[in-house]
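Chains, contacts and geometry: an overview
Here are the chains, one letter per residue:
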Amino acid sequence: MNIVASAGPALALDVAEAESIAELRHQAEGCTRCDLYRNATQIVFGEGPGKAEIVLVGEQPGDQEDLAGRPFVGPAGRLLDRCLEEAGLDRRRCYVTNAVKHFKFTQRGKRRLHAKPNAGEIKRCAWWLGAEINILKPKLVVTLGASALYALLGPKVKLTPERGHILQPANHPPVLVTIHPSYLLRIRDEAEQQRLRQDFVSDLHKAAAFRPR
Ligand code: URA
């Protein structure tokens, strides 16, 4: 396991005023920490058992998640579910959340197109992610993609060189770095997609097999 000296926005905060995820979720419902609440349908908070040992962190809710009020229920979520199953990791045992809790999009006619959250939005929302982790105290946090990695470990830790590695920030749960499932959905070359999907499943398998020292 590699040691990382500095923690990112979510882990650097001294949070956890709330004592349970339910209490935290209730607080988050009125969140105006950044402007994304203005256009989103609702906040999409994390979900999963209060004793989850593994926390999966995505980027932000998409169109379907924004409407349903639940994380990872759209196309990327369905792919994540299949890969988790192949890796032997039961989603019902995991707490699934996002770095940013409101859907950011640009409107094109009737369609709402995903827009990437910026560093400021991720930092403001890290308040909630840090609090979720503080309450759950999981044995492992899995970052799905660059935005989650940024929220957890800051700008110095890059996805490509660290993919598949478990990093240990000081005084915080270890972090397993992997890609976002929506990245797989965008790859056109089938052989390449299969290869990266296999790498993703093996990262998730590493999470399933992880035992803290
Ligand atoms: N992508 C994410 O990062 N999170 C979701 O909840 C859905 C899609």
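Summary of the structure given here. (Residues numbered from 1 in each chain as written. Predicted model: local features only at pLDDT ≥ 70, side-chain atom pairs only at ≥ 80, totals over all residues. Heavy atoms only, no water.)

With that out of the way, let us pick up the overall build of the protein. Looking only at helices and strands, the protein features 9 helices and 8 strands. Taken over C-alpha atoms, the radius of gyration comes to 16 Å for the protein, in line with the 17 Å a tight globule of 213 residues would show. Dimensions of the protein along its principal axes, counting C-alpha atoms only, are 40 × 40 × 30 Å. Relative to its 213 residues, the protein shows a buried fraction of 52%. Taking the intrachain contacts of the protein between residues at least 6 apart in sequence as the baseline, contacts between residues at least 24 apart amount to 75%. Positive and negative charge centroids in the protein, built from 31 and 24 side chains respectively, lie 3 Å apart. (Helix = DSSP H or I, 4+ residues; strand = E, 2+ residues; numbered from the N terminus. Rg over C-alpha atoms; globule rule 2.2 N^0.38 Å. Buried < 20%, exposed > 50% of the residue type's maximum accessible area, 1.4 Å probe, protein only. Contact = heavy atoms within 4.5 Å. Lys, Arg positive; Asp, Glu negative; His and termini not counted. Charge placed at Lys NZ, Arg CZ, Asp CG, Glu CD.)

Another point: the layout of surface pockets. Roughly 910 Å³ of internal volume is contained in the largest pocket. As for the largest pocket, its lining consists of 36 residues, of which Ala76, His180, Ser182, Tyr183 and Arg186 are closest to the centre. Elements represented by at least two residues in the lining of the largest pocket include exactly α3 (63–68), α4 (75–87), β5 (111–114), α6 (146–153), α7 (159–162), α8 (181–186) and α9 (190–209). Residue composition of the lining of the largest pocket, grouped by class: 14 nonpolar, 12 polar and 10 charged. (1 Å grid on protein atoms, 1.4 Å probe; cavity = no way out; pocket = protein on both sides within 12 Å on 5 of 7 lines; lining within 4 Å. Points joined across faces, edges and corners; volume = space filled by probe spheres on them. Nonpolar A, V, L, I, M, F, W, Y, C, P; charged D, E, K, R; others polar.)

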